[in-house]
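Listed below, chain by chain, are the residues.
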Amino acid sequence: MENFDNIVSRLRPELDGMNGIISASLHTENDMMQQVVSSYLRTKGKQIRPIMVILAAKLFNGCNEHTLHAGAALEMLHNASLIHDDVVDETPLRRGRPTINFTWGNHIAVLVGDFFVSNALAAAIRTDRISIIQAVSDLGKELSLGEIDQICNVRENRFDEPSYINMIRQKTASLFRSCVRTGAATAGVSEREAAPLVEYAEVLGLCFQIKDDIFDYYNDPSIGKPTGNDLREGKVTLPLIYALNNAPEQESEKMKALLVRGNLTDEEIHQLIDFAIRQGGVDYAFETMRRMQQESESLLQVYPDTEWKECFREIFDFIISRKN
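Residues numbered from 1 in each chain as written. Predicted model: local features only at pLDDT ≥ 70, side-chain atom pairs only at ≥ 80, totals over all residues. Heavy atoms only, no water.

1. Thoughts on the overall build of the chain
Looking only at helices and strands, one finds 16 helices and two strands in the chain. Taking 2.2 N^0.38 as the reference for a compact globule, 324 residues should give roughly 20 Å; the C-alpha atoms of the chain span a radius of gyration of 20 Å, in line with that estimate. Here the C-alpha coordinates of the chain stretch approximately 60 × 50 × 35 Å along the principal axes. Here the chain holds 324 residues, and the buried ones make up 53% of them. Considering only intrachain contacts with a sequence separation of at least 6, the fraction spanning at least 24 residues in the chain is 76%. As presented, the chain carries roughly 14,800 Å² of accessible surface, and 51% of it is formed by carbon and sulfur atoms. The distance from the centre of the 34 positive side-chain charges to the centre of the 47 negative ones in the chain is 2 Å. (Helix = DSSP H or I, 4+ residues; strand = E, 2+ residues; numbered from the N terminus. Rg over C-alpha atoms; globule rule 2.2 N^0.38 Å. Buried < 20%, exposed > 50% of the residue type's maximum accessible area, 1.4 Å probe, protein only. Contact = heavy atoms within 4.5 Å. Areas by Shrake-Rupley, 256 points an atom, 1.4 Å probe, with all protein chains shown as cover. Lys, Arg positive; Asp, Glu negative; His and termini not counted. Charge placed at Lys NZ, Arg CZ, Asp CG, Glu CD.)

What follows is the structure, encoded as structure tokens:
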């Protein structure tokens, strides 16, 4: 955590500038919308994604005003997806605070999410680069398709690792990829030159989601979501997928039958969690992240050794070791 905090400190001027753009973009004379937005923005989260936009620009030719608008665009689009996700999942808390849908209802939450999307596109336009507007547009489609893929995996009872990886590649890694792609574009480098860093960001995004899914298997209030929450929503993630495909057949089939039936009780959720942990699923998920991290290291070798390249390595370490 210390290394990540140091990165945030080094980028404080740029992050403050970007957050100023977000606040100005979302300002409105409508009292209700302004109240909801102001309350939402009080808790910003870690802002890993805009940090990657800024770092990508710094790795190449440096950060500029267009970089900050690109970061603002992607951060607002990301938050729009979270607001809409909270509606779909009926989530009462996010980052330890009541969600918009819990406080104001689904109708208002959907409209606020749409407001964020529109302002994200407006911020992208202010970069004066069609490639960045295209990246934001493409990202919106990928995030939606990733969520649809997740629903299909649940409905069609897909318990295989390739289906899971493909889903999180669109649902989560696409955003990390877009952050580096747009940051590099604002620095004026070609897509070919940025390609290894974009690929590195995708792997980093995959690991971010794998680690997020691991949290579902631990009872720790600091994590910010209830144990077994994914399973309550019918989502089968990597630790359980591994267990289902590597445990003795009799026990595996019993667990699959629970998942196919759905409407799990708390006791059944705990059975599935215990099964995944006991069969080495969580250990396998950690091993997968470390393997991905090691394999992706070669992608950074094409770039000069700078503090900004090292920051990408430190963010990867942080993502695997983070506690929430």
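2. Brief notes about the packing of aromatic side chains
Considering all chains together, one arrives at seven aromatic pairs under this definition. Note on Tyr40 and Phe116: the rings are 5.6 Å apart at their centroids and 80 degrees apart in plane angle, and the pair reads as edge-to-face. Here Phe116 lies in helix H7 (residues 106-125) and Tyr40 lies in helix H3 (residues 31-41), a separation of 76 residues in the sequence. Each member of the pair, Tyr40 as well as Phe116, is classed as buried. (Phe/Tyr/Trp six-rings, centres within 6.5 Å; stacked < 30°, edge-to-face > 60°.)

3. Some thoughts on the environment of Val110
Structurally, Val110 is set in helix H7. For Val110 and Asp85, which are 25 residues apart along the polypeptide, the C-alpha to C-alpha distance reads 9.6 Å. The residues touching Val110, leaving out its near neighbours within four places in the chain, are His84 and Val87.

4. A look at H3
Helical geometry: 3.6 residues make up each α-helical turn, so side chains three or four residues apart lie on a common side. Within H3 the residues assigned to the buried category are Met33, Val36, Val37, Tyr40 and Leu41. Axial view of H3: buried residues confined to an arc of 125 degrees, hence all on one face. In this structure, the buried side of H3 is in contact with helix H2 (12-26), helix H5 (65-89), helix H6 (100-104) and H7. Of the residues that open H3, the one with a side-chain oxygen 3.1 Å from the backbone nitrogen of Met32 is Asn30. (Arc of directions from axis to C-beta. Polar contact = N/O pair within 3.5 Å; in protein donor to acceptor, adjacent residues only side chain to side chain.)

5. Notes on the nonpolar core
Core analysis: the largest hydrophobic core is formed by 107 residues, its most contacted members being Met52, Leu240 and Ile315. The element contributing the most residues to this core is helix H10 (residues 191-214), with 12 residues. Non-local contacts of Met52, meaning those with residues more than four positions away in its chain, are made with Phe176, Cys179, Val180, Ala201, Leu204, Phe312 and Ile315. (Core = buried A, V, L, I, M, F, W, Y, C linked by side-chain atoms within 4.5 Å.)

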